[in-house]
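Working through the structure, step by step
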Amino acid sequence: GGGGGGGRLSMEEKRRLQIEDQRRKAAAVEQQSILSQQRANANAPTWIDNELMEVWTPKQEKQFDNALVMYGGMGAKARYKLISENVDGKTRQECLMHHKLRQVIAKEQ
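We now turn to the structure provided with this report. Treat the numbers as computed from the prediction; the structure is a model and nothing was measured. Each chain carries its own residue numbering, running from 1 in the direction its sequence is written. Selection of residues for local features in this predicted model requires a pLDDT of at least 70, selection of side-chain atom pairs for listing and counting requires 80 or more, and totals for whole chains, interfaces and linings are taken over all residues. Remark: hydrogens and water are excluded; side-chain values derive from all non-hydrogen atoms of the structure.

What follows covers the overall build of the chain. Only runs of H or I of at least four residues qualify as helices and only runs of E of at least two qualify as strands under DSSP, and these elements are numbered from the N terminus. Helix and strand counts for the chain come out as 5 helices and 0 strands. Taken from N to C terminus, the helices and strands of the chain fall in the order α-α-α-α-α. Throughout, the radius of gyration refers to the C-alpha atoms, and the reference size of a globule is 2.2 Å times the residue count to the power 0.38. Over its C-alpha atoms the chain spans a radius of gyration of 31 Å, topping by over 25% the 13 Å that the globule rule assigns to 109 residues. On the principal axes, the C-alpha backbone points of the chain span a range of 105 × 25 × 25 Å. Taking all contacts inside the chain whose residues are at least 6 apart in sequence as the whole, residues at least 24 apart take part in 54%. With residues, only the protein chains shown are counted as cover, and all accessible areas are computed by Shrake-Rupley using a 1.4 Å probe. With the model as given, the accessible surface of the chain reaches about 8,500 Å², and the carbon-plus-sulfur share is 55%. Positive and negative charge centroids in the chain, built from 18 and 14 side chains respectively, lie 4 Å apart. Contacts between residues were defined by any pair of non-hydrogen atoms, one from each residue, lying within 4.5 Å. By the counting scheme adopted, Arg and Lys are positive, Glu and Asp are negative, and His together with the chain ends is not counted. To locate a charge, the coordinates of NZ of Lys, CZ of Arg, CG of Asp or CD of Glu are taken.

Let us look at the packing of aromatic side chains. Ring pairs are drawn from Phe, Tyr and Trp, using the six-membered ring of Trp, whenever the two centres fall within 6.5 Å, and their geometry is named by plane angle: stacked under 30 degrees, edge-to-face over 60, tilted for the rest. Throughout the structure, instances matching the rule amount to 1 aromatic pair. Pairing Trp56 with Phe64 gives two aromatic rings, centres 5.5 Å apart and planes at 75 degrees, and the pair type is edge-to-face. Like Phe64, Trp56 is buried. To sort residues, take the accessible area from a 1.4 Å probe on protein chains only and compare it with the maximum for the residue type: under 20% means buried, over 50% means exposed, and anything in between is partly exposed.

Glancing now at the pattern of salt bridges. Whenever Lys or Arg places a side-chain nitrogen within 4 Å of a carboxyl oxygen from Asp or Glu, that contact is recorded as a salt bridge. One pass over the structure, following the stated rule, counts 8 salt bridges. Of the charged contacts in the structure, one is a salt bridge between Asp65 and Arg102, with a shortest N-O distance of 2.7 Å. A residue pair is termed long-range when its members are at least 10 positions apart, and Asp65 in helix α3 (residues 58–70) and Arg102 in helix α5 (residues 92–108) qualify at 37 residues. Under the relative-accessibility criterion, Asp65 is labelled partly exposed at 32%.

Here we come to the packing of α3 against α5. Whenever a helix is involved, its axis is fitted only over the stretch in contact; in every case the axis is a line through C-alpha atoms, and angles between N-to-C directions fall within 0 to 180 degrees. Their axes nearest at 12 Å, the elements α3 and α5 cross at an angle of 85 degrees. Taken together, α3 and α5 sit at an angle that is classed as roughly perpendicular. Across from Glu61, Phe64, Asp65 and Leu68 in α3, the residues of α5 making contact are Cys95, His98, His99 and Arg102. Only Asp, Glu, Lys and Arg are considered charged in this grouping, and only Ala, Val, Leu, Ile, Met, Phe, Trp, Tyr, Cys and Pro are considered nonpolar; every other residue, Gly among them, is considered polar. Residue composition of the contact of α3 with α5, grouped by class: 3 nonpolar, 2 polar and 3 charged. Angles are sorted into four bins: roughly parallel if under 35 degrees, roughly antiparallel if over 145, roughly perpendicular if 65 to 115, and oblique for all others.

All right, on to helix α4 (residues 76–85) then. Residues Arg79, Tyr80, Ile83 and Ser84 constitute the buried set of α4. For α4, the angular spread of the buried residues around the axis is 125 degrees, confining them to a single face. With respect to the buried face of α4, the exposed residues turned more than 90 degrees away are Lys77 and Glu85. Contacts made by the buried residues of α4 are with α3 and α5. Regarding the arc, it is the one traced by the directions from the helix axis to the C-beta atoms.

With that settled, consider the side chain of Gln63. Structurally, the position occupied by Gln63 is in helix α3. Gln63 has contacts with Asn86, Val87 and Asp88, leaving out every residue within four places of it along the chain.

Don't take any of this as a statement about function, it's just geometry.
Right under this line is the structure:
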């Protein structure tokens with residue numbers, strides 16, 4: 001005597017389970033990718049971190065301070081260009097970021 005194949009799934013059911021399994025795997029992979037992206041962002045240095053690593057000599061700081069006073073009233077674009085021309089070895093962008101960093105530090109104190 002026989003008994004029906006209770007352990008057997010129809011082709012349709014098998015297919016459905018395969019699809020569900022693939023969806024689960026895809027969702028897990030996507031979730032993993034989102035998490036690793038978030039972790040990467042959390043560990044990425046901010047502009048402040050980068051700026052704190054910039055080396056400014058006491059001489060450059062003094063040149064920067066003097067230029068800042070001289071060109072304080074001008075529009076930002078012209079101001080930082082002129083400041084950088086008065087600070088040895090620093091670009092307009094570096095002067096701008098240096099000033100921005102100082103403002104952040106001043107705010108925290």
